[in-house]
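Structural overview
Take a look at the letters that make up each chain.
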Amino acid sequence: GLELSHCVGATSLGPAVPWRSGGPCKMKRVRTVFKPEQLERLEQEFLKQQYMVGTERVDLAATLHLTETQVKVWFQNRRIKWRKQSMEQKAAKLSQFGVIQPATADSTDIKDHEEDTVDVEL
């Protein structure tokens, strides 16, 4: 099942702060902590292919004792990191030649995607 921590805002000093108009408490998802062996294998697979779908993802998840969703989200987040690193390398090369790169739609897209990263534990 989905593991959730206590209500956001709950402290020993008082009750939890309800989320919006008297609704239930907003629950915070627990961040997945990957073991070094899992990360090493995930990185190896990412070097082979940046997208993992279908039975390959199911098999990898089973091998690593993770859920398919955890593997899917790890790959999504890793692709964002990879794109960001590629953009930074490109900018560094351009700056070596004295070319100033104006802010482009691509650089703002990455910031938008960073905010969209999801960390789900199922």
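Residue numbering note: each chain is counted from 1, following its sequence as written. Only residues with pLDDT of at least 70 are given local features in this predicted model, and only at 80 or more are side-chain atom pairs given and counted; all residues enter the totals for whole chains, interfaces and linings. For side-chain calculations, the full set of non-hydrogen atoms in the structure is used, while hydrogens and water are omitted.

As recorded by an unreviewed UniProt entry, the protein chain carries the name NOT2 protein and is attributed to Chordeiles acutipennis. Quoted verbatim from the Subcellular location (unreviewed entry) heading of the UniProt record, the comment on the protein chain is "Nucleus". UniProt positions are given in the numbering used here, feature names are shortened, and annotations may be inferred rather than shown by experiment.

Each helix is a run of H or I in the DSSP string that is no shorter than four residues. Each strand is a run of E no shorter than two, and both are numbered from the N terminus. Residue count minus one, scaled by 1.5 Å, sets the expected span of a helix. Its 13 residues place the ends of helix H1 (residues 36-48) 19 Å apart at the C-alpha level, agreeing with the 18 Å of an ideal helix rising 1.5 Å per residue. Along H1, the residues classified as buried are Gln-38, Leu-42, Glu-45 and Phe-46. Around the axis of H1, the buried residues are gathered within 105 degrees of arc, so they sit on the same side. Exposed residues pointing more than 90 degrees away from the buried face of H1 are listed as Pro-36, Glu-37, Glu-40, Leu-47 and Lys-48. We call two residues in contact whenever any of their non-hydrogen atoms come within 4.5 Å of each other. Contacts made by the buried residues of H1 are with helix H2 (54-64) and helix H3 (68-96). When a residue's accessible area, from a 1.4 Å probe over protein chains only, is under 20% of the maximum for its type it is buried; when over 50% it is exposed; and in between it is partly exposed. To be clear, the arc concerns the directions from the helix axis to the C-beta atoms.

What follows covers the side chain of Glu-45. Relative to the elements of secondary structure, Glu-45 occurs in helix H1. Those residues in contact with Glu-45 that sit more than four places away from it in its chain are Met-52, Leu-60 and Phe-75.

With that settled, consider the pattern of salt bridges. Each reported salt bridge corresponds to a side-chain nitrogen of Lys or Arg within 4 Å of a carboxyl oxygen of Asp or Glu. In total, this model carries 4 salt bridges according to the counting rule given. For Glu-45, the salt bridge is made with Arg-41, and the minimal N-O distance between the two is 3.1 Å. You can see Glu-45 and its partner Arg-41 sitting in helix H1, 4 residues apart, about one turn around the helix. In this structure Glu-45 comes out as buried when scored by relative accessible area, which is 11%. Glu-43 is the salt-bridge partner of Arg-78, the closest N and O atoms lying 3.0 Å from each other. Taken as a pair, Arg-78 in helix H3 and Glu-43 in helix H1 lie far apart in primary sequence, 35 residues in all.

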